[in-house]
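Below, each chain spelled out in residue letters.
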Amino acid sequence: MFLCADLDAFFVSVEQAENPELKDKPVVVGGLPEERGVVASASYEARRYGIHSGMPTSRAYRLCPGAIFLRGNFRLYNEYSERFYEILTQFSPEVNMVSIDEAYINIKGTRRLFGTPEQLAHRLKKEVEKRLDLCVTVGIARTKVLSKIACERAKPDGLLFIPEDKELEFLLPLRVNLLPGIGPKTDEILKNLNINTIADLINAPDQMLETALGNYYRIIKFFINGGDYEIQDTRKSISREVTLPEDTTNKELIYALLLYLTERACNTLRRQHLVTKALTIKIRFSDFKTKTKRTRIPGTDAQQRIFEYGAGLLKNLLKEKKRVRLVGISLSRFQNDRFQASIFRVQDNRFARLNYALDKTREKFGFKSIIPASTFILKEQDLQ
Amino acid sequence: MEFKIQKNVLEKTMGSVVKIIPPKSTYTILQNIILEAKDNTIAIQGTDLDIFVKKVVPAEVKEPGKVLIPGKKILEITRESNIEEIKFKLKELNLQISAGSAHFNIPSLDPQEFPEIPEFPEKKWFELSIGELGEMVNSTIFMVARDISRRPMNGVLIQIKDDELRFVTTDGARLALNKKKKIENPGELIVATKLFDLITANKPEEKVALYIEERMMGVKFMDTTIIARLIEGPYPKYEEVIPKSFTGNCTIEKELLTGALKRVSLVSSPQIKNVKFEFQESSVMLSASSPDFGEAKEKVPCVYEGEKLGIWFNAGFLLEILRHISAQDVIMQLTSQSSAALVRPKTEEELIYLLMPLRIDGWD
């Protein structure tokens, strides 16, 4: 049984949570109208004026000149996303974030702890509202595909549970474009064949669908028949970077920033039960020249180890004595064996225990509740 | 060059030399073997550049000579021949093969093109029987690391120390050590596992002699000489990680443990294979669970001395160790939730396995 949780109008809602004055107003995140940006997120009030994501902000402004336009604070959104993930992991060990504001959760075997799927969903919604001041829509069904469709149908601030014996009944009257992978183009093709609902699709002869859609029709049929996405982690890398408010040559500050970013990235890494085997350090100078260095490392999830390698790469990059504008770290080449302790790397076992304690503390009291002393300089500079 | 040779002799010998030929290599010359006829013997040599193998077998040599020919093809021709004796004759650059009424004409290459074969190491180290070697190898080799990032762990450590011959392997999470009394010169080397495939398939009562040099080792047995390039060390300091004392001692019937572990691990997470062991006075409780498959537990009787202890292991790793123990009872010795367990047959102390636990719940 899967639960699909999708935060409503995510970026805008975060802005509203941070600044309650924005609530119940048409708000658009993506850039100021005179800039060249596109709408990344629009509040439901703004959507009433026909504003939707992907639209140039200048056009959004013409549709609703009274809307509040914001550039957006992506660091903040990431932070909210991570807190959202933390909440979800309380309900099941198997949480797959598929984007910044959307996740699938395997809720099999949670009944004794949280009751029926609906009871669990209610609790989850309450928890998200209480801790993040955000609305989340929840769809629950036997497969991820169905839970996603249910979630789409229930938006905004909704909850929809599709019991196994009601699946077909639920699907038949729906528009075909609710199925995954049916975009405007495929939708248009199907419309020309007079196929509008999933019921039409099921009743259409296979041969007709194959001619119209090619091999893709098999995948659609597979989903309708209860097939599902593969469970897999979509993450190929975990990256963290910060642009400094002011360019700097202060090495102490740059290394502190790297340590902070490494801790952040490793925290995410451990939550996904992964170890990393490759590390990239990125640096951008005041002249906007960007340099990266990458190295393979023995598999680990300990920031202590990764920082050691990272600092080595950074030292190399800092040989150019230019002012630094941005520092970033990226972990990649993941492996799944973080649970197995090592015979020889005794130090790693100690790190694992230490980091477990750190993660637990941070889960409870927030990431900044405990920080390495050498990153204190960031706090002084208001960077953390 | 001209000679006659028994089909079954040639087939067997070629078979084991061809084994070493790399299946696909950019260095295509390695697909070939050297055939050399002199003094009523045939010498067959092949290499993958890490291991050079040479076998010498009797033949009826009419005219001595040396030729480089495609190894696998000659083996196939030999195998498919339906006659007892095969004739070889080099005519210009073609090797003519007559097997009864079948005739082949195989182009050959200049033996000069073959990579240079290193000198056989001079210094003899020690000797043992193929059977003894096989036993040391079989009990340890399965644990060699496959991950190529830790090169020394991709080989077997052979060591003579404190009048013991020791074979050591590890994959980082487990370690195997098999030792045997042997009063010889101390020394050690690390060598790739494929070397042993060439040796252990032979008659167990025959002797095998090991030679040692800085970068090479030599092996001699029966009609075979092998030169193997060593893997560069240092090997991880294995002695330091073998616990000297334990707080918990468990004696358990191997078959009972194996059966229960196989059953309980059916519902563990397929990637982690985590099974919890809870040791108490007269039993150990195995349990596992995962969101997809539910939960399972099984109590196995045992004799346990020590404090109660809960510890997680990778069931796959432990089952593999148990498969390599032939004794009826095994001993598991433990210290804590976060330190290595020692597993060994009850009846012998020469063979030990270490297994690190899983870090579930962060080890509270």
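In case you missed it, the structure is sitting above this.
Residues numbered from 1 in each chain as written. Chains lettered and ligands numbered in written order. Predicted model: local features only at pLDDT ≥ 70, side-chain atom pairs only at ≥ 80, totals over all residues. Heavy atoms only, no water.

Colleague: Lay out helix H9 (residues 184-192) of chain A with the relevant residues and their values.
Modeller: For an α-helix, 3.6 residues make a turn, and residues three or four places apart therefore share a direction. Residue and element names in this part refer to chain A. Those residues of H9 lying buried are Thr186, Asp187 and Leu190. Down the axis of H9, the sector holding all buried residues measures 100°, keeping them to one side. In H9, the exposed residues that point more than 90 degrees away from the buried face are Pro184, Lys185 and Asn192. Close packing links the buried residues of H9 with helix H10 (198-203) and helix H11 (206-213). Note on H9: the residue one or two positions beyond its end, Asn194, has a positive phi of about 65°. (Buried < 20%, exposed > 50% of the residue type's maximum accessible area, 1.4 Å probe, protein only. Helix = DSSP H or I, 4+ residues; strand = E, 2+ residues; numbered from the N terminus. Arc of directions from axis to C-beta. Contact = heavy atoms within 4.5 Å.)

Colleague: Got a sec to walk through the packing of aromatic side chains? Specific residues and values, please.
Modeller: Residues and elements named next belong to chain A. Overall, the coordinates contain 16 aromatic pairs over all chains when judged by the stated rule. Note on Phe11 and Tyr77: the rings are 4.4 Å apart at their centroids and 10° apart in plane angle, and the pair reads as stacked. Of this pair, Phe11 sits in helix H1 (residues 10-18) while Tyr77 sits in helix H4 (residues 74-89), and the two are 66 residues apart along the sequence. Like Tyr77, Phe11 is buried. With 6.2 Å between their ring centres and 85° between their planes, Tyr260 and Phe367 make a pair best called edge-to-face. Of the two residues, Tyr260 is situated in helix H13 (residues 251-271) and Phe367 in the loop between helix H15 (346-365) and helix H16 (376-380); the sequence distance between them amounts to 107 residues. Here Tyr260 matches Phe367 in class, with each residue buried. Following the ring pairs from residue to residue traces out a cluster consisting of Phe10, Phe11, Phe74 and Tyr77. In this structure, Arg47 is placed above the aromatic ring of Tyr44, and the distance from its NZ or CZ to the ring centre is 4.4 Å. Cation over ring: Lys144 sits above Tyr104, and NZ or CZ is 5.9 Å from the ring centre. (Phe/Tyr/Trp six-rings, centres within 6.5 Å; stacked < 30°, edge-to-face > 60°. Lys NZ or Arg CZ within 6 Å of the ring centre and 35° of its normal.)

Colleague: Could you give an account of the side chain of Lys55 of chain B, naming the residues involved and the relevant values?
Modeller: Residues and elements named next belong to chain B. Along the chain, Lys55 falls in strand S4 (residues 51-58). Polar side-chain contacts of Lys55 include one of 2.8 Å to the side chain of Thr224. Lys55 has contacts with Thr13, Ser16, Val17, Ile42, Ala43, Ile44, Asp223 and Thr224, leaving out every residue within four places of it along the chain. (Polar contact = N/O pair within 3.5 Å; in protein donor to acceptor, adjacent residues only side chain to side chain.)

Colleague: Run through the interface of chain A and chain B, naming residues and quoting values.
Modeller: Counting residues at the interface gives 19 residues for chain A and 27 residues for chain B. Of the roughly 2,100 Å² buried at the junction of chain A and chain B (both faces included), carbon and sulfur atoms supply 57%. Applying the counting rule to chain A against chain B returns one salt bridge. Glu295 of chain B is paired through a salt bridge with Arg112 of chain A; the nearest N and O atoms lie 3.7 Å apart. Tallying contributions element by element places H15 of chain A first for the side of chain A that touches chain B, with five residues. Each residue belonging to the side of chain A that touches chain B can be placed in one class, and the counts come to seven nonpolar, five polar and seven charged. (Buried area = accessible area lost by both parts, 1.4 Å probe. Salt bridge = Lys/Arg side-chain N within 4 Å of Asp/Glu carboxyl O. Nonpolar A, V, L, I, M, F, W, Y, C, P; charged D, E, K, R; others polar.)

Colleague: Outline the nonpolar core, supporting the account with residue identities and numerical values.
Modeller: The tendency in soluble globular proteins is for nonpolar side chains to be buried as a group. Phe3, Ile42, Ile158 and Leu195 of chain B are the most contacted members of the largest nonpolar core, which has 58 residues in total. If sequence neighbours within four positions are ignored, Ile42 of chain B has contacts with Phe3, Ile5, Leu35, Glu36, Ala37, Lys55, Val56, Val57, Ala59 and Val61 of chain B. (Core = buried A, V, L, I, M, F, W, Y, C linked by side-chain atoms within 4.5 Å.)

Colleague: Hey, could you go over the pairing of strand S16 (residues 216-221) of chain B for me, with residue numbers and the actual values?
Modeller: Residues and elements named next belong to chain B. Of all six residues that make up S16, five are buried, and the element is covered over most of its length. In this sheet, S16 lies alongside strand S15 (residues 207-212) in antiparallel orientation, the contact comprising four bridges. Bridge pairing links Leu210 to Val219 in S16. The turn linking S15 back onto S16 is made up of three residues. Where S16 lies against strand S17 (residues 224-229), six bridges are found, and the strand directions are antiparallel. Residue pairing across strands places Met216 opposite Arg229, the latter belonging to S17. Hairpin connection between S16 and S17: a loop of two residues separates the two successive antiparallel strands, and Met222 in this loop has a positive phi of roughly 45°. (Pairing = 2+ DSSP bridges.)

Colleague: Lay out the sheet that holds strand S3 (residues 41-42) of chain A with the relevant residues and their values.
Modeller: Residue and element names in this part refer to chain A. Strand order across the open sheet formed by three strands is S3-S2-S4, with mixed pairing between neighbours. At either margin of the open sheet sits one strand with a lone partner, and together these are S3 and strand S4 (68-70). As defined by bridge partners, strand S2 (residues 27-29) adjoins S4 across three bridges and the pair is classed as parallel. In the strand pairing of S4, Val27 is matched with Ile68. Across the sheet, H1 is in contact with S2, S3 and S4; its angle to S2 comes to roughly 115°. (Axes fitted to C-alpha atoms, helices over the stretch in contact; angles between N-to-C directions.)

Colleague: Please provide a residue-by-residue account of the pattern of salt bridges, values included.
Modeller: Pairs can form between side chains of opposite charge once their charged atoms are near each other. All names here are of chain B. The full count for this structure, using the stated rule, is 39 salt bridges over all chains. Two residues, Arg79 and Glu11, come together in a salt bridge whose shortest N-O distance is 3.9 Å. Separated by 68 residues along the polypeptide, Arg79 in helix H2 (residues 71-80) and Glu11 in helix H1 (residues 7-18) bring together distant segments of the chain. Between Asp162 and Arg166 there is a salt bridge, with the nearest N and O atoms lying 3.6 Å from each other.

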